[in-house]
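Residue-level structure breakdown
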Amino acid sequence: MEETPAIKIGKSVINAEVLALKNLKDNINQSFQAAVDMIDKCEGHVIITGMGKSGHIGKKMAATFASTGTPSFFVHCSESLHGDLGMFQPLDLTIALSHSGMTEELVKGLTIIKDTGLKIISITSDENSHLAKLSDLVLLTGVEQEADPRGQAPTSSAIATLALGDALAIAVSELRGFTRNDFLRLHPG
């Protein structure tokens, strides 16, 4: 069967995203362990925040944490600048998502959150970004190139961030002894 241009493009995108996941796997190290420990010890909520596609990934990440036994919710970073900073409480932990680490609204909100003493874990690709500098712990995705040939659409970076969020949530739930019955209790529907 002949590979059409669309099929070739589709395979190219998937290959680029597979490469991003392989790079991410190579970045699972002691920082990942430290993040799992911080999440496990959190006495409040794990609050995920981000903007744009990172925000969409953050919503899914918060839902995965919550459904696997870690109290969590998502706060859109632009909404945090318009009153939702009140959702962040002293016992909470923030996980901030930004591929570039330079998202203006995110950095502005996290500067205020940092001043309150809350711990911040960032997931980014740039260890020298504003986001990384505000963070107590940085998890690097290892994404150097998007699957989008223009390098603009968040593709590989979104997949890597999503996978890293899943890895964190499952590691925490497994280490806490979260069982099938616990999962079913949280999913009665």
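Below, the structure is looked at part by part. Quantities reported herein were computed from a predicted structural model and do not represent experimental measurements.

About the thresholds
Residues numbered from 1 in each chain as written. Predicted model: local features only at pLDDT ≥ 70, side-chain atom pairs only at ≥ 80, totals over all residues. Heavy atoms only, no water. Helix = DSSP H or I, 4+ residues; strand = E, 2+ residues; numbered from the N terminus. Rg over C-alpha atoms; globule rule 2.2 N^0.38 Å. Buried < 20%, exposed > 50% of the residue type's maximum accessible area, 1.4 Å probe, protein only. Contact = heavy atoms within 4.5 Å. Salt bridge = Lys/Arg side-chain N within 4 Å of Asp/Glu carboxyl O. Core = buried A, V, L, I, M, F, W, Y, C linked by side-chain atoms within 4.5 Å. Polar contact = N/O pair within 3.5 Å; in protein donor to acceptor, adjacent residues only side chain to side chain. Pairing = 2+ DSSP bridges. Axes fitted to C-alpha atoms, helices over the stretch in contact; angles between N-to-C directions. Right-handed = clockwise from strand over helix to strand, strands pointing away.

Next up on the list: the overall build of the protein. Each helix and strand in the protein was counted, giving 8 helices and 5 strands. N-terminal to C-terminal, the α/β element order of the protein is α-α-β-α-β-α-β-α-β-α-β-α-α. The C-alpha radius of gyration of the protein comes to 17 Å, within 12% of the 16 Å expected for a compact globule of 189 residues. The proportion of buried residues among the 189 residues of the protein is 41%. If you take every contact in the protein between residues at least 6 apart in sequence, the share linking residues at least 24 apart comes to 71%.

Our next topic: the pattern of salt bridges. Applying the stated criterion across every chain yields a total of 6 salt bridges. With a closest N to O distance of 2.6 Å, lysine 11 and glutamate 3 form a salt bridge. For glutamate 3, a relative accessible area of 33% puts it in the partly exposed group. Across the salt bridge formed by lysine 60 and aspartate 166, the nearest N and O atoms sit 2.5 Å from each other. Taken together, the residues lysine 60 in helix α3 (residues 53-67) and aspartate 166 in helix α7 (residues 156-175) connect sequence positions 106 residues apart. Salt bridges linked by common partners bring Lys114, Lys119 and Asp136 together as one network.

Let us look at the nonpolar core. Ile39, Ile48, Ile95 and Leu168 are the most contacted members of the largest nonpolar core, which has 29 residues in total. Elements that contribute at least two residues to this core include exactly α1 (5-26), α2 (30-41), β1 (46-50), α3, β3 (93-97), β4 (119-124), β5 (137-140) and α7. Here this core gets 7 residues from one element, more than from any other, and that element is α7. Leaving out residues up to four positions away in the same chain, isoleucine 39 has contacts with Val46, Phe65, Thr70, Leu93, Ile95, Ile121, Leu168, Val172 and Arg176.

Quick look at the environment of serine 125 now. Mapped onto the secondary structure, serine 125 falls in the loop between β4 and α6 (130-134). Along the sequence, serine 125 and valine 138 sit 13 residues apart, while their C-alpha atoms lie 9.4 Å from each other. Setting aside residues up to four positions removed in sequence, serine 125 forms contacts with Ser98, His99, Leu140, Thr141 and Val143. At 2.7 Å, the side chain of serine 125 forms a polar contact with the backbone oxygen of histidine 99.

So, about the sheet that holds β1. Here we have 5 strands laid out as an open sheet, ordered β2-β1-β3-β4-β5, and parallel in their pairing. Each of the sheet's edge strands pairs with one partner strand only, and the pair in question is β2 (72-76) and β5. Averaged over all adjacent pairs, the angle separating strand axes in this sheet is 20°, with direction ignored. With 5 bridges joining them, β1 and β3 adopt parallel strand pairing. Bridged to valine 46 within β3 is leucine 93.

Glancing now at the pairing of β3. Two faces make up the sheet, and in a regular strand the side chains alternate between them. Among the 5 residues in β3, 5 count as buried, and that is most of the element. Residue alternation in β3 divides its side chains into two sets, Leu93, Ile95 and Leu97 and Thr94 and Ala96, and both sets are buried. Inspection of the sheet shows β3 paired to β4 by 5 bridges, in the parallel sense. If you follow threonine 94 over to β4, its bridge partner there is isoleucine 120. Note that the unit made of β3, helix α5 (residues 104-115) and β4 has a crossover that is right-handed.

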